[in-house]
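A closer look at the structure
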Amino acid sequence: MARRPAPWTLHLVLGLAACVAFALGPLRGDPLLMGVVAFSPVPAIVAGVLMHRPAAKTAWLLLAVGSLLFCAGDLYTYTYPTLSGNAVPFPSPGDALYLGVYPAMMAGLLLMVRRRSSGRDRRGLVDGLVLTFGLALPIWVLLIAPHLHQDQGLLAKAVSIGYPMGDLILLGAVVRLALDGGRREPAFVLLTSSIGLLLAADVVYGLLMLHDAFDHQLWIGGLFISSYVLWGAAALHPSMARLAEPAPARESVLTHFRLVLLFGASLIPPVIAIFVDVVDRDFDSLAIELSALVLFAFVLVRTAGLHARRADARFGALVSQASDLILIVDPQGGVTYSSPSVERTLGRALLDSFASEDDRERLLSAVGSAAPSPFECVLTGADGAPRAFEFRLTGLVDDDGFLLTARDVSARKALEAELTRQAFHDPLTGLPNRPMLLERTRQALARGRREPVTHAMLFLDLDGFKGINDTLGHAVGDEVLVAVARRLDTVVRATDTAARLGGDEFAILLESAGREEAEAAAQRVLSVLSAPLLAGGREIAVHTSVGVALALPDEARTADELIRDADAAMYAAKRGGKGTYHVFEPAKHADVFGSQQAQA
């Protein structure tokens with residue numbers, strides 16, 4: 001089934017069709033069509049607010065009020081002659097409605113600017129003032145100054161000047177919006193384009209009216225209609241909900257493009273003065289203004305060079321002492337700048353220092369995809385030792401490349417590994433602890449269910465260990481436990497796990513071991529622990545009993561149950577005589593478990 005077009009798309013298509021019909025089609029110059037399209041932003045804004053629930057709801061509603069005032073002004077202007085039979089007077093209530101559009105729209109735009117700027121953006125404010133004053137001068141010369149010199153009544157003169165002054169106010173608001181640190185999404189483009197068209201149409205209309213050249217040119221009406229259409233589309237687009245949000249990590253930066261705009265705005269006053277002198281043939285003033293313009297350009301170039309050198313000096317001083325690796329790379333992975341720390345830390349170029357080709361390809365892939373997420377690679381240091389580094393990529397402002405930073409995280413990784421080791425190892429003996437044994441047992445049992453293999457668990461404790469602690473002290477007892485752990489390590493295979501469970505209890509997981517291998521391992525444990533141990537400067541004889549439990553492939557046993565069964569078998573060995581081992585048999589131990597559960 002075909003997908004229905006989005007409301008903003010439908011509004012845009014219908015509005016552009018209306019614009020073509022007004023300028024070229026069968027409804028050429030139709031005032032009713034003009035009124036309908038002029039009113040369309042009001043319901044569009046209300047619908048957009050209800051559908052998308054923007055954070056800056058008040059700002060959008062103020063824009064709707066501005067649009068409504070404009071429609072009310074049109075309604076008065078176009079219906080007054082029909083109803084009264086007279087021409088619209090000047091000034092009139094319609095002019096009051098038209099002039100009310102400017103403060104309403106300016107308030108809405110400035111509310112958006114305030115929300116879009118995460119902090120006090122003084123640089124953006126100054127840039128906006130420069131552009132506004134630069135662009136305001138032509139409006140003053142072309143529209144405001146002529147009205148000041150016209151022979152009109154005070155009220156008529158004030159209203160005549162009010163229109164271009166309103167354009168100036170709106171111009172300042174839209175310039176500030178365009179230069180802030182907010183998001184640049186479709187609703188932003190549609191809204192700023194709409195206001196730009198509205199200002200252009202208003203200025204052209206004012207010029208034609210001033211020189212009595214307005215004859216209801218349809219292309220001017222087309223500009224107004226296009227502005228209304230874009231305005232409504234901006235309100236209906238889903239991104240309007242985020243229009244008042246500041247862009248993450250975006251701030252006012254003096255890019256090359258912005259610098260050209262500021263330079264161009266600052267040239268507007270002398271260019272206008274030069275044009276006037278050329279028209280008036282005032283060559284003396286022209287020579288002075290041209291000299292001032294050339295001097296201004298020279299000083300600007302000199303200042304820009306000084307600023308660039310100071311910025312380079314500050315950057316060099318900063319990165320020369322940095323321990324992090326700082327590089328600038330192009331999108332193909334070529335390094336265009338390396339900080340001194342690269343040579344100090346690696347002793348060679350970055351791309352020649354990767355410990356593995358996979359890590360090198362990971363970096364190049366991240367650069368190619370502009371991945372901002374941090375990633376880790378292993379580099380070979382200047383001392384030949386491998387080091388772990390955390391890499392981060394940041395896109396450069398107004399430049400085709402990336403800032404690449406790499407921080408040595410070897411110490412952090414070593415600390416993380418040590419903390420992990422401590423969490424899963426006994427601090428006294430260095431053997432794996434109960435959580436580690438349980439985890440490895442779970443993995444072995446899961447593997448045993450997939451493959452027809454048997455695993456075994458040995459459980460043992462030291463007979464008479466309490467007496468050693470009581471008579472010789474806990475320090476000697478600890479030495480005994482360490483010595484036992486070392487001896488157990490000698491009787492297990494590389495795939496087995498010898499663990500200390502707590503106190504004098506130890507366990508050994510034998511992976512892929514049947515009954516015969518488990519019994520042989522129990523015999524080795526008894527044999528290796530039968531010889532006296534050296535602890536506290538003396539020989540100490542220890543004895544142990546070993547319990548053996550088998551995990552067969554067809555049994556649904558948990559790790560805790562396997563350790564429990566081996567523990568039960570160890571106590572059976574003690575009852576049969578210390579210094580022996582016993583293999584767990586479920587049928588013989590069922591009564592014991594039953595009585596224990598009944599007592600519990």
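Structure shown above.
Presented here is an overview of the structure given in this document. Note that the structure is predicted; figures quoted are calculated from it, not measured.

On to the side chain of Asp359, then. Position of Asp359 relative to the elements: it lies in helix α13 (residues 357–369). A relative accessible area of 8% places Asp359 in the buried class. In this structure the side chain of Asp359 is engaged in a polar contact, spanning 2.9 Å, whose partner is the backbone nitrogen of Val378. Leave out the neighbours within four places in its chain, and Asp359 touches Phe354, Glu376, Cys377 and Val378.

To continue, consider helix α3 (residues 41–52). Given a rise of 1.5 Å per residue, 12 residues ought to cover 16 Å, and the 16 Å separating the end C-alpha atoms of α3 matches this to within 8%. Among the residues of α3, those classed as buried are Pro41, Val42, Ala44, Ile45, Gly48 and Val49. Considered in projection along α3, the buried side chains sweep an arc of 165° and stay on one side of the axis. Against α1 (7–23), α2 (31–39), α4 (57–84) and α9 (218–236) lie the buried residues of α3. After α3 finishes, the residue Arg53 shows a positive phi value of roughly 50°.

For the rest of this paragraph, the subject is the packing of aromatic side chains. Counted under the stated rule, the structure contains seven aromatic pairs. Aromatic pair Tyr76 and Tyr80: ring centres 5.4 Å apart, planes at 35°, arrangement tilted. Taken together, the residues span about one helical turn, with Tyr76 and Tyr80 both in helix α4 at a distance of four residues. Classification of Tyr76 as partly exposed rests on a relative accessible area of 22%. Centroid distance Phe375 to Phe391: 5.6 Å. Interplanar angle 10°. Geometry classified as stacked.

In this section: the packing of α3 against α9. When two helices pack together, their arrangement is captured by the angle between the axes and the distance separating the axes. The interhelical angle for the contact between α3 and α9, taken along N-to-C directions, is 10°, at an axis separation of 7 Å. In terms of orientation, α3 lies roughly parallel with respect to α9. Taken together, the residues of α9 that come into contact with α3 (itself represented by Pro41, Ala44, Ile45, Ala47, Gly48, Met51 and His52) are Tyr228, Trp231, Gly232, Ala235 and Leu236. Residue classes in the contact of α3 with α9 are distributed as nine nonpolar, three polar and no charged.

On to a positive patch on the surface. Taken together, the side chains of Arg302, Arg309, Arg310 and Arg314 present a region of like positive charge at the surface. Considering the arrangement of structural elements, one finds Arg309 in helix α11 (residues 283–320). Taking the relative accessible area as the measure of exposure, Arg309 reaches 47% and is therefore partly exposed.

This part takes up the sheet that holds strand β12 (residues 581–583). Pairing in this open sheet of five strands is mixed, and the strands run β7-β8-β6-β11-β12 from one edge to the other. The strands lining the two open edges of the sheet, one partner per strand, are β7 (497–502) and β12. Averaged over all adjacent pairs, the angle separating strand axes in this sheet is 20°, with direction ignored. Most of the contacts of helix α15 (residues 434–450) go to β7, to which it runs at about 135°, and overall it touches β6 (455–463), β7, β8 (505–510) and β11 (543–551).

Counting buried positions along β11 yields eight of nine residues, so the element is predominantly enclosed. Of the strand pairs in this sheet, β6 and β11 are connected by nine bridges, and their pairing is antiparallel. Bridged to Met457 within β11 is Ala549. In this sheet, β12 lies alongside β11 in parallel orientation, the contact comprising three bridges. Paired with Val546 across the bridge in β12 is Tyr581. This β-α-β element, β11 to helix α19 (residues 559–575) to β12, shows left-handed connectivity.

Another point: a nonpolar patch on the surface. The grouping of Trp140, Val141, Leu142, Leu148 and Met165 at the surface amounts to a nonpolar patch, some 420 Å² of accessible area in total. Secondary-structure assignment places Leu142 in helix α6 (residues 122–148). We classify Leu142 as partly exposed; its relative accessible area is 43%.

Two side chains of opposite charge can pair, provided their charged atoms sit close to one another. Applying the stated rule across the entire model yields 22 salt bridges. Residue Glu416 is joined to Arg412 by a salt bridge in which the shortest nitrogen-to-oxygen separation is 3.5 Å. In this pair, Glu416 and Arg412 both sit in helix α14 (residues 410–423), four residues apart, roughly one turn of the helix. The residue Arg442 makes a salt bridge to Glu439 at a minimum N-O spacing of 3.6 Å. Remark: Glu439 and Arg442 occur in helix α15; sequence separation between them is three residues, near one turn of the helix.

Okay, the pairing of β8 next. Within β8, five of the six residues are buried, which leaves it mostly tucked inside the rest of the structure. Here β6 pairs with β8 via six bridges, running antiparallel. By the bridge assignment, Asp461 is partnered in β8 with Glu505. Of the strand pairs in this sheet, β7 and β8 are connected by five bridges, and their pairing is antiparallel. Residue pairing across strands places Ala498 opposite Ile508, the latter belonging to β8. Once β7 ends, the chain turns through two residues before running back antiparallel as β8, passing Gly503 with a positive phi of about 60°.

Rules and cut-offs
Residues numbered from 1 in each chain as written. Predicted model: local features only at pLDDT ≥ 70, side-chain atom pairs only at ≥ 80, totals over all residues. Heavy atoms only, no water. Helix = DSSP H or I, 4+ residues; strand = E, 2+ residues; numbered from the N terminus. Buried < 20%, exposed > 50% of the residue type's maximum accessible area, 1.4 Å probe, protein only. Polar contact = N/O pair within 3.5 Å; in protein donor to acceptor, adjacent residues only side chain to side chain. Contact = heavy atoms within 4.5 Å. Expected span 1.5 Å × (residues − 1). Arc of directions from axis to C-beta. Phe/Tyr/Trp six-rings, centres within 6.5 Å; stacked < 30°, edge-to-face > 60°. Axes fitted to C-alpha atoms, helices over the stretch in contact; angles between N-to-C directions. Parallel < 35°, antiparallel > 145°, perpendicular 65-115°, else oblique. Nonpolar A, V, L, I, M, F, W, Y, C, P; charged D, E, K, R; others polar. Patch = residues over 30% accessible without salt bridge, like charges linked within 9 Å, V, L, I, M, F, W, Y side chains within 5 Å. Areas by Shrake-Rupley, 256 points an atom, 1.4 Å probe, with all protein chains shown as cover. Salt bridge = Lys/Arg side-chain N within 4 Å of Asp/Glu carboxyl O. Lys, Arg positive; Asp, Glu negative; His and termini not counted. Charge placed at Lys NZ, Arg CZ, Asp CG, Glu CD. Pairing = 2+ DSSP bridges. Right-handed = clockwise from strand over helix to strand, strands pointing away.

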